[in-house]
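Residue-level structural notes
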Amino acid sequence: MLITIIWLVFANYFALLVIFHFRQAKINYPKFEPGIDNKTTDVSCMNATEMTNETNLVKFFSEFNKYVENNNSNNRKAHMYAGLSYIVSASVSFFSAYLSLS
């Protein structure tokens, strides 16, 4: 009987981890929206260095947003795989608890 309780404790623990990882899979970090817009920026009063710096900054924001999107995708996949693994673990624990009763 004690082994059944131990298996049920493990099964509940794995079930909680399933919930945790599926919730984490839904979390996305937001994109960074800078206040710089190339279409509305008046470049007539800027020198070449300022224009180059602004262009580099816009390029950085674009690449940073791609990085954030990639991390969101990778985190979602990792948490989904972990959640699915814990579903299997919880199922095996419940099944083991059932077998230990007989």
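Residues numbered from 1 in each chain as written. Predicted model: local features only at pLDDT ≥ 70, side-chain atom pairs only at ≥ 80, totals over all residues. Heavy atoms only, no water.

A word on the packing of aromatic side chains
Summed over all chains, the structure comprises seven aromatic pairs. Relative to Tyr 86, the ring of Phe 14 has its centre 5.9 Å away and its plane inclined at 25 degrees; by these criteria the two rings are stacked. Here Tyr 86 lies in helix α2 (residues 48-101) and Phe 14 lies in helix α1 (residues 2-25), a separation of 72 residues in the sequence. Given a relative accessible area of 18%, Phe 14 falls into the buried group. In this structure Tyr 86 comes out as partly exposed when scored by relative accessible area, which is 24%. Each ring, one from Phe 32 and one from Phe 61, has its centre 4.9 Å from the other, and the planes form 45 degrees; the classification is tilted. In this pair, Phe 32 sits in the loop between α1 and α2 while Phe 61 sits in helix α2, placing the two residues 29 residues apart along the sequence. Overall, the relative accessible area of 39% leaves Phe 32 in the partly exposed class. Of the residues examined, Phe 61 reaches a relative accessible area of 13% and is grouped as buried. (Phe/Tyr/Trp six-rings, centres within 6.5 Å; stacked < 30°, edge-to-face > 60°. Helix = DSSP H or I, 4+ residues; strand = E, 2+ residues; numbered from the N terminus. Buried < 20%, exposed > 50% of the residue type's maximum accessible area, 1.4 Å probe, protein only.)

Structural notes on α1
Taking 1.5 Å per residue, 24 residues should reach 34 Å; α1 reaches 35 Å between its end C-alpha atoms and fits that length. The set of residues buried in α1 consists of Thr 4, Ala 11, Phe 14, Leu 17, Val 18, His 21 and Ala 25. (Expected span 1.5 Å × (residues − 1).)

With respect to the side chain of Thr 4
Relative to the helices and strands, Thr 4 is located in helix α1. For Thr 4, a relative accessible area of 5% translates into the label buried. If near-sequence neighbours (up to four positions away) are discounted, Thr 4 is found in contact with Ala 97, Ser 100 and Leu 101. (Contact = heavy atoms within 4.5 Å.)

Concerning the environment of Phe 10
As for its placement among the helices and strands, Phe 10 is situated in helix α1. As for Phe 10 and Val 92, which are separated by 82 residues in sequence, their C-alpha atoms are 9.8 Å apart.

Considerations on the environment of Tyr 67
With respect to the helices, strands and loops of the structure, Tyr 67 is situated in helix α2. Between the alpha carbons of Tyr 67 and Lys 31 there is a distance of 9.5 Å; along the sequence they are 36 residues apart.

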